[in-house]
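# Working through the structure, step by step
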Amino acid sequence: MVGFDPNQRRKLTPFDHAAAGAVSGVITRSVAQPLDVLKIRFQLQVEPLKFGTGSKYTGVAQAVGKIYQEEGLFALWKGHVAAQGLSVIFGISQFVSFEFLTKNTYYLLPENLTQPLYKPVYHFFCGGIAGCVSTCVSQPIDVLRTRLVSQGEPKVYTGIRHAVGMMYQEAGVRTFYKGLTPTLIQLFPYNGLQFGFYSFFKTLWKPVMSKKNEIGAIGSGICGSGAGLCSKIIIYPLDLIKKRLQVIGFEEARKSFGSPPQGSNFYHCICSIVKREGFLGFYKGLSPSLLKAVVTAGLTFSVYEQTCAILLYRHSS
């Protein structure tokens, strides 16, 4: 049910898609938040992720233990309130935009291009545009979440309201849109690839694994996980650059984490990473990020599909 289906008799409303997107976002975020915290901590660490180098974090297991020892168990859910807000807003705007775009694209395209063979292609473009729309809507919450997650002890921000006030004093509204350029550059192909790969894997799954030509919750989860894995490997360096740019001007709260990231803009950030960390620096935090991508994409698509199915059943009863 991800994307417009002309053969579906009963249609869901934009409100239904919004509700399904919100439910999907809430459940996915609750499960994946610790992985997001680890990913961000790794991305913002300039020192190598290796044992014996004096780095604060050297691996996933070591980082979990370190965070638990220094900040407590709930530190793995730091910024969870802001992250849930981000997930709900992003989920709603993403799926509503995607469903709208696929429906209108279907009727605008020539009939031969609407066949299942080409479906992943136009889902890629619709998914990319939907990702950009969602990013523009949710970017301020994403920056706020990154600041809350990345601060150490003692905390600079005592809460969301305090963080918003201090961030506004830095550079006004512009503070909340730091890293927007690399975010859009990253999100268009990433979101597009996720929806494109998901459509592609579903096309392969249905005739092979499903007798009724229906994907089901498990199939949807597996296809979504595969889509998340492939997309993340391709796009990961841009995600790291985005996080580095979002914490510029936030060095005071990150003294306990080691050397602060450098780079005043997209180009300077790339040059700084290559010079100080080498090309492998673009893939710091890849392990928890891949794990998170597999979990979140699988849950996102599976929960969204099942929520849509429930809403369709409710409309038909």
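Residues numbered from 1 in each chain as written. Predicted model: local features only at pLDDT ≥ 70, side-chain atom pairs only at ≥ 80, totals over all residues. Heavy atoms only, no water.

## Description of the packing of aromatic side chains
The relative placement of two aromatic rings is captured by the distance of their centres and the angle of their planes. Basically, it comes down to this: Any Phe, Tyr or Trp ring, taking Trp's six-membered ring, that has another such ring centre within 6.5 Å forms a pair; planes under 30 degrees apart are called stacked, those over 60 apart edge-to-face, and the others tilted. Each helix is a run of H or I in the DSSP string that is no shorter than four residues. Each strand is a run of E no shorter than two, and both are numbered from the N terminus. Only lysine NZ and arginine CZ atoms are considered, and such an atom sits over a ring when it is within 6 Å of the ring centre and within 35 degrees of the ring normal.
Throughout the structure, instances matching the rule amount to 14 aromatic pairs. With a centroid separation of 5.1 Å and 80° between ring planes, the pair formed by phenylalanine 124 and phenylalanine 125 is classed as edge-to-face. Relative to phenylalanine 188, the ring of phenylalanine 124 has its centre 5.8 Å away and its plane inclined at 85°; by these criteria the two rings are edge-to-face. Placement of the pair is phenylalanine 124 in helix H4 (residues 119-150) and phenylalanine 188 in helix H6 (residues 180-209), with a sequence separation of 64 residues. Above the ring of tyrosine 190, the side-chain terminus of lysine 232 is found at 4.7 Å from the ring centroid.

## Looking at a nonpolar patch on the surface
Counted only if it meets this: Exposure above 30% relative accessible area and no salt bridge define the residues that can form patches, which grow by joining like charges within 9 Å and nonpolar side chains of Val, Leu, Ile, Met, Phe, Trp and Tyr within 5 Å. Working definition of accessibility: Shrake-Rupley area with a 1.4 Å probe, residue cover restricted to the visible protein chains. Take a side-chain nitrogen of Lys or Arg and a carboxyl oxygen of Asp or Glu: if they are within 4 Å of each other, that pair is a salt bridge.
Residues Val23, Val26, Ile27 and Val31 make up a contiguous nonpolar surface patch of about 280 Å² in total accessible area. Along the chain, isoleucine 27 turns up in helix H1 (residues 14-43).

## A look at the environment of phenylalanine 201
The following threshold applies: It only takes one pair of heavy atoms within 4.5 Å for two residues to be counted as in contact.
Among the structural elements, phenylalanine 201 can be located in helix H6. Each C-alpha atom, one on phenylalanine 201 and one on alanine 227, is 7.6 Å from the other, the two residues being 26 residues apart in sequence. Excluding its chain neighbours within four sequence positions, the residues that come into contact with phenylalanine 201 are Cys223, Gly226, Ala227 and Cys230.

## A word on the packing of H1 against helix H7 (residues 216-246)
The following threshold applies: All axes are obtained by fitting lines to C-alpha atoms, using only the stretch in contact for helices, and the reported angles, taken between N-to-C directions, cover 0 to 180 degrees. Orientation is classified from the angle alone, with under 35 degrees giving roughly parallel, over 145 giving roughly antiparallel, 65 to 115 giving roughly perpendicular, and any other angle giving oblique. The nonpolar class holds Ala, Val, Leu, Ile, Met, Phe, Trp, Tyr, Cys and Pro. Asp, Glu, Lys and Arg form the charged class, and all remaining residues, Gly among them, are polar.
Contact pair H1 / H7: the axes reach a minimum separation of 9 Å and the direction vectors enclose 75°. Comparing the axis directions of H1 and H7 gives the class roughly perpendicular. When H1 is examined against H7, the residues Lys39, Ile40 and Gln43 are found in contact with a partner set consisting of Tyr236, Asp239, Leu240, Lys243 and Arg244. A per-class count over the contact of H1 with H7 returns three nonpolar, one polar and four charged.

## Structural notes on the layout of surface pockets
The test is simple: A 1.4 Å probe that fits into a set of points on a 1 Å grid over the protein atoms alone but cannot get out defines a cavity; an open set with protein on both sides within 12 Å along at least five of seven lines defines a pocket, and lining residues are those with an atom within 4 Å of a point. Grid points are joined across faces, edges and corners, and a volume is the space filled by probe spheres set on the points.
Counted as a void, the largest pocket has a volume near 920 Å³. What lines the largest pocket is a set of 30 residues, and nearest its centre among them are Met1, Asp5, Lys119, Lys202 and Lys206. A per-element tally of the lining of the largest pocket places H6 first, with seven residues. In the lining of the largest pocket, the residues fall into 13 nonpolar, 11 polar and six charged.

## Topic: the environment of leucine 291
Formally: Each residue gets one of three labels from its accessible area relative to the maximum for its type: buried under 20%, exposed over 50%, partly exposed in between, using a 1.4 Å probe on protein chains only.
With respect to the secondary-structure elements, leucine 291 resides in helix H9 (residues 286-316). Using a relative accessible area of 46% as the deciding quantity, one classes leucine 291 as partly exposed. As a C-alpha pair, leucine 291 and leucine 35 span 256 residues in sequence and 7.6 Å in three-dimensional space.

## What to know about the confidence of the model for the chain
Threshold: Per-residue confidence from the predictor is reported as pLDDT, a score between 0 and 100.
The predicted model of the chain has a mean per-residue pLDDT of 83, with 91% of residues at 70 or higher. No element of the chain has a lower mean pLDDT than helix H8 (residues 266-277), which averages 83, and none a higher one than H9, which averages 89.

## Thoughts on the environment of threonine 135
Within the element layout of this structure, threonine 135 appears in helix H4. Sequence-wise, threonine 135 and isoleucine 89 are 46 residues apart; in three dimensions their C-alpha atoms are separated by 9.5 Å. The contact partners of threonine 135, leaving out residues within four places of it in the chain, are Phe90, Leu180, Thr183, Leu184 and Leu187.

## Looking at empty space enclosed by the protein
With a probe scaled to a water molecule rolled over the atoms, the places where space remains empty come into view. Inspection of every chain in the model, using the stated rule, returns one cavity of 30 Å³ or more. Within this model, the largest cavity holds a volume of roughly 670 Å³. Lining the largest cavity we find 36 residues, and of these Arg29, Phe90, Tyr190, Gln194 and Lys292 sit closest to its centre. Elements supplying a minimum of two residues to the lining of the largest cavity: H1, helix H3 (80-108), H4, H6, H7 and H9. Its residues assigned to classes, the lining of the largest cavity comprises 10 nonpolar, 17 polar and nine charged.

## Things to note about the nonpolar core
Note the following rule: In this description, a nonpolar core means a group of buried Ala, Val, Leu, Ile, Met, Phe, Trp, Tyr and Cys residues linked to one another through side-chain atoms lying within 4.5 Å.
With 20 residues, the main nonpolar core has Val2, Phe98, Phe195, Tyr198 and Tyr304 as its most contacted residues. Elements that contribute at least two residues to this core include exactly H3, H4, H6, H7 and H9. Counting residues per element, this core draws most heavily on H9, which supplies five residues. Those residues within four positions of tyrosine 304 in sequence are excluded, and the remaining contacts are Met1, Val2, His17, Ala20, Gly21, Ser24, Phe95, Glu99 and Leu299. Membership of the second largest hydrophobic core comes to eight residues, among which are Tyr57, Ala63, Ile67 and Leu76.

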